[in-house]
Every structure is written in C-alpha cells, then in structure tokens.
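# Observations on the model geometry
If you want the building blocks of each chain, they are given just below.
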Amino acid sequence: MKTAIIYKSIHHGNTKKIAKTIAGSLNADIFDLKEAKEDIIKEYDIIGFGSGIYFSKPHKKLIKFIDSLSDEKTKKAFVFSTSGKKKSEFNDLLKNKLSRKGFEVIGDFNCKGFDTWGPLKLIGGLNKGNPDEEDLINAKKFAESLKEE
C-alpha cells in the first residue's frame, strides 16, 4: 500500500516530529501542507492528515484542504495531532470530514505538544519537551497498528 502523510506544523514543529516518526514506520512519503495539491491523493492508497490544534481545532488550512478534496470511495485515511491538552476528540472534526468525503478512517493519534499560545508564553509554556521520547514511541506503535489495517 502506497502511503502519504500531509501535515501542517507551525510554531515549535511538534506535529512535524510526529509526522516524520509515523512516515518512517510506514515508509510513507511526507508532505508539508504548503507542498500538497489536491490531486496528490490519487497517487496513494492511505493518506495521513496531521495538524497542531488551535483553539480546539486542527489548522484551518488543513480543514480547507480536506474540504477541497473530491469524494474518495477507495482510499483509507488516518488523523494525528499535537496539542497543549492530550484529547483525541480534537481529531473528530477531521475524521468526520474525511468520512463524509468517502475515506475509510482507520485510526487517529494525539499527543501533547509544547504550547506557548497567548498567556502560556508568559510562564514558559506547557509541555516543554513534548512530543518527548515516549510520545514518539507511541506514534511508532500507532503507525505499526495501521499496517494491520
């Protein structure tokens, strides 16, 4: 199965670290969202979509990218994110959008990321050092579980 990962990572590169870890485990091609075009989806069987979480939502440009995709009845997808608070429900918006586009969503992953948004910057941020080694191990385990799909 040919796999691609499309991600949006800003500020501290938290999501990029997770994207690279998952890509390494899956031998996937990896694309920063700014490099990805809608037709890239046609070249792959499984596509991972990743983002940091901003105001409890994935990055608006990734949401817009998914909204622009044509319906895909034969593609599988997975979602991953990093956030100040570890909550897998942050992935629900993307999972629902992908399902409505016809993708078979085969999994999702979320871990804490270093967060210095707004007033958090004044106190040095939250989750400094995250994603940490344990998060990367868990991301690799997640990727391994996708191979079973």
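Everything here concerns the structure above.
Here is a short report on the structure shown in this document. (Residues numbered from 1 in each chain as written. Predicted model: local features only at pLDDT ≥ 70, side-chain atom pairs only at ≥ 80, totals over all residues. Heavy atoms only, no water.)

## A few points about the packing of helix H2 (residues 60–68) against helix H3 (residues 92–100)
Packed helices, taken two at a time, are described by the angle between their axes plus the distance between the axes. Quick reminder of the rule: Whenever a helix is involved, its axis is fitted only over the stretch in contact; in every case the axis is a line through C-alpha atoms, and angles between N-to-C directions fall within 0 to 180 degrees. Where helices and strands are cited, they refer to DSSP runs of H or I of at least four residues and of E of at least two residues respectively, numbered from the N terminus. Angle categories are assigned with fixed cut-offs, so that under 35 degrees is roughly parallel, over 145 is roughly antiparallel, 65 to 115 is roughly perpendicular, and the rest are oblique. Contacts are residue-level and defined by heavy atoms, with any inter-residue pair within 4.5 Å sufficient. Residues are grouped as follows: nonpolar covers Ala, Val, Leu, Ile, Met, Phe, Trp, Tyr, Cys and Pro; charged covers Asp, Glu, Lys and Arg; every other residue, Gly included, is treated as polar.
Axis separation between H2 and H3 bottoms out at 10 Å; the angle between their running directions is 10°. Our classification of the angle between H2 and H3 gives roughly parallel. Listed contacts from H3 to Leu62, Ile63, Ile66 and Asp67 of H2 are Leu93, Leu94, Lys97 and Leu98. Here the contact of H2 with H3 is composed, by residue class, of six nonpolar, no polar and two charged.

## So, H2
Along an α-helix, residues three or four apart share an orientation, since each turn contains 3.6 residues. Going by this rule: Between buried and exposed lies partly exposed: a residue is buried under 20% and exposed over 50% of the maximum accessible area for its type, with that area taken using a 1.4 Å probe on protein chains only. Directions are taken from the helix axis to each C-beta atom, and the arc is the one they span.
Among all positions of H2, only Leu62, Ile63, Phe65 and Ile66 are buried. Buried residues of H2 fall within an arc of 160° about the axis and therefore sit on the same side. The exposed set on the far side of H2, more than 90 degrees from its buried face, consists of Lys60 and Lys64. As for H2, its buried residues are in contact with strand E1 (3–8), strand E3 (46–54), strand E4 (57–58) and H3.

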